[in-house]
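Summary of the model geometry
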Amino acid sequence: MAEGQDGLGRWPISCELPVQWGEMDALKHVNHTVFARWMETTRMYYFIACGFVDLFEKEGVGPILARLKVDYLAPVRFPDTVTVHTTITRIGSSSFEMDYRITSAAMGGETVATATVSGVVFDYNANRSTPMPDSLRAKILKLEASGSG
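Residues numbered from 1 in each chain as written. Predicted model: local features only at pLDDT ≥ 70, side-chain atom pairs only at ≥ 80, totals over all residues. Heavy atoms only, no water.

**A closer look at the environment of S14**
With respect to the helices and strands, S14 occurs in strand β1 (residues 13-18). For S14, a relative accessible area of 46% puts it in the partly exposed group. Counting along the chain gives 133 residues from S14 to G147, while the straight-line C-alpha distance between them is 9.8 Å. Setting aside chain neighbours within four positions, we find S14 in contact with T83, V84 and H85. (Helix = DSSP H or I, 4+ residues; strand = E, 2+ residues; numbered from the N terminus. Buried < 20%, exposed > 50% of the residue type's maximum accessible area, 1.4 Å probe, protein only. Contact = heavy atoms within 4.5 Å.)

Following this line, the structure appears as structure tokens:
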């Protein structure tokens, strides 16, 4: 996991999610695609908290996923509850990176996966990337300041 810029990387958002029986595959562990959905859910809570969703609804400017890298560290099985932690670690002029840490309650809080997502601030009306508004950057920094570290 990358070390964030000053004021970033403080893990302000986490989401507890119960593992569903149907999320397991023929190998009797949660399929890798489910981890991406868990991260997506937590990412949306982050975007709601920092105002990215409001910006999209008002101006058509929102996030778009450019890259996803996941390191799977241990298999997850039903029954379990995972906690997905997320943070923004880098903000560029029109891009950002988010890190994830997924832990398992059944494994005593052990980290079962880590990930990094690269996102782009995207103007959906103009169909192109756009600079991150200063107001959004400030809200992200404020949200990150509330994190537990």
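Next comes the rest of the write-up.
**Examining the pattern of salt bridges**
Under the counting rule described, the total for this entry stands at 3 salt bridges. In this structure, the salt-bridge partner of R90 is E97, at a minimum N-O distance of 3.9 Å. The class of E97 is buried, set by a relative accessible area of 18%. (Salt bridge = Lys/Arg side-chain N within 4 Å of Asp/Glu carboxyl O.)

**Quick word on the packing of aromatic side chains**
This structure, assessed with the given rule, holds 8 aromatic pairs. Their ring planes at 90 degrees and their centres at 6.1 Å tell us that F47 and F96 sit as a pair that is edge-to-face. Of this pair, F47 sits in helix α1 (residues 32-50) while F96 is found in strand β4 (residues 95-104), placing the two residues 49 residues apart along the sequence. Per residue, the accessibility class of F47 equals that of F96, and both read buried. Residues F56 and Y124 carry aromatic rings whose centres are separated by 5.4 Å and whose planes lie at 85 degrees to one another, so their mutual orientation is edge-to-face. Of this pair, F56 sits in helix α2 (residues 52-59) while Y124 sits in the loop between β5 (110-123) and β6 (128-129); the two residues are 68 residues apart in sequence, bridging distant segments of the chain. Judged by its relative accessible area of 40%, F56 is partly exposed. Ring pairs connect the aromatic residues F35, W38 and Y72, which therefore count as one cluster. (Phe/Tyr/Trp six-rings, centres within 6.5 Å; stacked < 30°, edge-to-face > 60°.)

**Let's talk about unusual backbone geometry**
Excluding glycine, residues mostly carry a negative phi; peptide bonds, for their part, are mostly trans. Residue P79 is bonded to the preceding F78 through a cis peptide linkage, with omega at -5 degrees. Structurally, the position occupied by P79 is in the loop between β2 (61-72) and β3 (81-91). Here the phi dihedral of W11 falls at roughly 55 degrees; this positive angle occurs in a residue that is not glycine. Residue classification places W11 among the buried residues on the basis of a relative accessible area of 14%. For N127, which is not a glycine, the phi torsion comes out positive at approximately 60 degrees. You can see N127 is positioned in the loop between β5 and β6. Classification of N127 by relative accessible area gives exposed; the value is 61%.

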